[in-house]
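Listed below are the residues making up each chain.
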Amino acid sequence: MKVISELCDICGTCVAVCPVDAIIVTEFKVKIDNDICTNCMNCLKVCPAKAIEEGE
Amino acid sequence: MVKYKYDIVVIGAGPAGSVAARFAAENGASVLMLERDREPGIPVRCAEGVSHNGIVPFIDIDKRWIASQIDIAKLTSPNNESAFMHNNGVGYVLERRIFDTALCELAAKHGARLITKANALDLIKENDKIIGVKYRYMGKTREVKCDIVIAADGTESRVGRWAGINTTVALRDIDTCVQYTLAGLDIKKDTCEFYFGNEVSPGGYVWIFPKSDSTANVGIGIAGHLSHKKGPKEYLDEFVAKRFPDATITYTMFGGVPTSATLKEIVRDNIMLVGDAARQVNPITGGGIVQGMIAGSIAGKVAAEAVKKGKFDAKFLKKYRKEWDKTLGNTQKVMHSMKEKFLFMTDERFNNLVGFCKKIPSDKFSLKALFTEAVKGDPKLMLDVAKSFIVSKIKLK
Ligand SMILES: Cc1cc2nc3c(=O)[nH]c(=O)nc-3n(C[C@H](O)[C@H](O)[C@H](O)COP(=O)(O)OP(=O)(O)OC[C@H]3O[C@@H](n4cnc5c(N)ncnc54)[C@H](O)[C@@H]3O)c2cc1C
Ligand code: SF4
Ligand code: SF4
């Protein structure tokens, strides 16, 4: 999974539904750790800004 | 000077964290708050609605953080019928940027310390026991030791995970939200509006919370499992184009609200979770400010007592859980069952519900009447709702 930084609002919604804690947040950026990610698509489904897409 | 060791470190300076910090400090503990953003309360991710009765136990009302006073709630059904509710008590639309800072100032007045731009990275453990927090501040990684961590890190709730607590919420138990602040409107400053229906906002609602008679927070929350094909922004844009075609958007914000019951586990040895992080949100309204403050006050007091007694294990900290369940947690469970019902409500049922509400004289129309009608046909839930109204008065926000 990949976060499109230009669209991401750093709202944390994706983090709440990630079952494996693969999403890391700083004040300025959200990143997905693809070594941990299981491609469950939860984050992509709930992102209100449609800022997550498949791929690394 | 920031010390190297505090009794309690609070992660997150939202309403839950700052109230927890205040009550812990007031009761004698040394407290440090870490906040990732440059200022508490920003960016605002909230419609900013609260009830007067909900906030007065925690802070004196101050015009600086009140945008408008709300006396009327207007509920609109899919077939465009509206019911007006007058007697749910006074409410406010806040300026959360100022409100959240005021709560932090109050915590500081009681002795708590705050560091902004301090991003917690992990818990420090020794033989599996939590003994502190690692955080990033001004390009450097720092450590602070403590006996108790209070995790008040909002929807993300990562701190609890670091302690081994499962904080993940199911897709249907998160509302995915977009909100605009709109200008150039012609609205009533004393009325907040709610729009329901599967075409308008599946599994949630659209809200208009006025900040003045020409500006308002206009937003939408839809259930997470229903948002994949058409997202909240598309629904909101359709609503705004119809209702406020000439408005100017002065602020755009995205966010998520957990709408589950409280987490199974909100304490472990040396750690307590409060607010959105513990999923202490009203599952029907999505209101979490007051809930977070109530939880924070209980957690803060219990934590201070733990410090006095030198007891930091889950067994002692469970006092907080017990008190929370008695105050709001049990009610939240009932509300969650009701929300499940709302999730599967047809537009026709919404129409009937608002139709029913319209027949009640507006001064008699209360949330209780609304909920009782909504759960009709489900005797067990009806009983639970009746009980929860007796146990604690359900507040709208
Ligand atoms: C669109 C929307 C509308 C809403 N409308 C309303 C409403 O009208 N009324 C209402 O009562 N509630 C509303 N809510 C819910 C309300 O905003 C939350 O319930 C409330 O803010 C929860 O308070 P909190 O203190 O638990 O968390 P937050 O206010 O989210 O605070 C958490 C804080 O922790 C910080 N943080 C997170 N991780 C870290 C870290 N690792 N290190 C340091 N700091 C960290 C964050 O920066 C943040 O400041 C709404 C929510 C949304 C999304
Ligand atoms: S849900 Fe979307 S907008 Fe929000 S932090 Fe995640 S990727 Fe960014
Ligand atoms: S796809 Fe699933 S596992 Fe991967 S980051 Fe998103 S929510 Fe987490």
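Only a predicted model underlies this, so the values are computations on that prediction, with no experimental measurement involved.

Caption draft 1: How the structure looks around the site of ligand 3. Contacts to ligand 3 come from 13 residues, most closely from Cys18, Cys37, Cys40, Met41 and Cys43 of chain A. Among the residues forming the shell around ligand 3, the class breakdown is 10 nonpolar, 3 polar and no charged.

Caption draft 2: Region of the structure containing the pairing of strand E2 (residues 31-34) of chain B. All names here are of chain B. Neither face of E2 is exposed, since Val31 and Met33 on one face and Leu32 and Leu34 on the opposite face are all buried. Where strand E1 (residues 5-11) meets E2, 4 bridges bridge the pair, whose relative direction is parallel. Residue pairing for E2: valine 10 is matched across the bridge by methionine 33. A crossover links E1 with its parallel partner E2, the connecting element being helix H1 (residues 15-26), and its sense is right-handed. As paired elements, E2 and strand E8 (residues 113-115) share 3 bridges and run parallel to each other. Bridging across to E8, leucine 34 finds its partner in isoleucine 115.

Caption draft 3: Summary view of the sheet that holds strand E7 (residues 91-94) of chain B. All names here are of chain B. The strand order E3-E7-E4 describes an open sheet built from 3 strands, whose pairing is antiparallel. Of all the strands in the sheet, the pair left with one neighbour each is strand E3 (49-51) and strand E4 (66-70). Within the sheet, the average angular offset between the axes of one strand and its neighbour, ignoring direction, is 30°.

Caption draft 4: Region of the structure containing the domain arrangement of chain B. All names here are of chain B. Assigned domains within chain B: domain 1 (5-70 + 95-170 + 260-329), domain 2 (172-258) and domain 3 (337-392). Facing 22 residues of domain 1, the contacting portion of domain 2 comprises 20 residues. A combined buried area of about 1,700 Å² lies between domain 1 and domain 2, and 56% of that area is made up of carbon and sulfur atoms. If you sort the residues of domain 1 by the area they bury against domain 2, Ala47, Ile70 and Ala170 come out on top, with a joint share of 28%. Summed over the shared surface of domain 1 and domain 2, the number is 2 salt bridges. The shortest N-O distance in the salt bridge between glutamate 95 and lysine 211 comes to 2.9 Å. Between domain 1 and domain 2 we count 12 residue pairs in polar contact (both at pLDDT 80 or more) in total. With 4 residues, the single largest contributor to the side of domain 1 that touches domain 2 is E4.

Criteria and cut-off values
- Residues numbered from 1 in each chain as written.
- Chains lettered and ligands numbered in written order.
- Predicted model: local features only at pLDDT ≥ 70, side-chain atom pairs only at ≥ 80, totals over all residues.
- Heavy atoms only, no water.
- Near = heavy atom within 4 Å.
- Nonpolar A, V, L, I, M, F, W, Y, C, P; charged D, E, K, R; others polar.
- Buried < 20%, exposed > 50% of the residue type's maximum accessible area, 1.4 Å probe, protein only.
- Helix = DSSP H or I, 4+ residues; strand = E, 2+ residues; numbered from the N terminus.
- Pairing = 2+ DSSP bridges.
- Right-handed = clockwise from strand over helix to strand, strands pointing away.
- Axes fitted to C-alpha atoms, helices over the stretch in contact; angles between N-to-C directions.
- Domains from an automatic or database assignment.
- Contact = heavy atoms within 4.5 Å.
- Buried area = accessible area lost by both parts, 1.4 Å probe.
- Salt bridge = Lys/Arg side-chain N within 4 Å of Asp/Glu carboxyl O.
- Polar contact = N/O pair within 3.5 Å; in protein donor to acceptor, adjacent residues only side chain to side chain.

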